[in-house]
Amino acid sequence: MNESQAKKAGSRRVRRALLVAGLAALGAQAGVEGVLAQDAAKVMPRSYRVAFENDKIRVLDFVAKPGMGVCGEGMHSHPAHLTIVMSDWQGKAVTPDGKIVGRDKKAGDVFWAEAETHRVENTGKTMSHVMIVELKGQQKP
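These numbers were taken from a predicted model, which means no experiment stands behind them.

Student: Talk me through the environment of Arg103; I want residue IDs and the actual numbers.
Tutor: Residue placement: Arg103 occurs in the loop between strand S6 (100-102) and strand S7 (110-113). The spacing of Arg103 and Glu121 is 18 residues in sequence and 9.1 Å in space, taken between C-alpha atoms. Once residues within four sequence positions are removed from consideration, Arg103 is found in contact with Trp89, Gln90, Gly91, Lys92, Ala93, Glu116, His118 and Val120.

Right, here's the structure in full:
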């Protein structure tokens, strides 16, 4: 192979690598967008226990180690829901637009949230345990 042929071959490898990287980036973005609409229990099925379910509600029991998601790993969605905090924990919530909100909770706290998409991380040093009561028939964001 002469020098001209080597340059052409190198140029083709660079173009091919750029094409593959671009397609991978598009696929990763599609994956992120797909996760935005996913059911939290499907995002982390091993961390959830469906404690109760009927045609009106679903009760999820979730435990997370420090550094893990509090109600699901990664960006995920919930219909309108009530959260019952079973243990003290410190965390942060991140919305799809990048807004960060601190969420330090105490055992016994109860709070309501309309349908939402978020990522919530246990930033403390203790396990977090929450019960999430999701209303069925509600639209996810």
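Student: Mind laying out the sheet that holds S7, listing which residues take part and the relevant values?
Tutor: Strand order in this open sheet of five strands is S1-S2-S9-S4-S7, and the pairing throughout is antiparallel. Two strands close off the open sheet at either side, each with one partner strand: strand S1 (48-53) and S7. Neighbouring strand axes in the sheet, compared pairwise and without regard to direction, differ in orientation by 20° on average. Inspection of the sheet shows S1 paired to strand S2 (residues 57-64) by five bridges, in the antiparallel sense. Its bridge partner being in S2, Phe52 is matched across the sheet by Val59.

Student: Can you lay out the pairing of strand S8 (residues 116-122) for me, pointing to particular residues and giving the numbers?
Tutor: Taking burial as the measure, the seven residues of S8 include five buried ones, the bulk of the element. Two elements, strand S3 (residues 76-78) and S8, share three bridges in a ladder whose sense is antiparallel. Residue pairing in the sheet places His78 in a bridge with Glu116 of S8. Sheet analysis places strand S5 (residues 91-94) next to S8, joined by four bridges and oriented antiparallel. Residue pairing for S8: Lys92 is matched across the bridge by Glu121.

What counts and what doesn't
- Residues numbered from 1 in each chain as written.
- Predicted model: local features only at pLDDT ≥ 70, side-chain atom pairs only at ≥ 80, totals over all residues.
- Heavy atoms only, no water.
- Helix = DSSP H or I, 4+ residues; strand = E, 2+ residues; numbered from the N terminus.
- Contact = heavy atoms within 4.5 Å.
- Pairing = 2+ DSSP bridges.
- Axes fitted to C-alpha atoms, helices over the stretch in contact; angles between N-to-C directions.
- Buried < 20%, exposed > 50% of the residue type's maximum accessible area, 1.4 Å probe, protein only.

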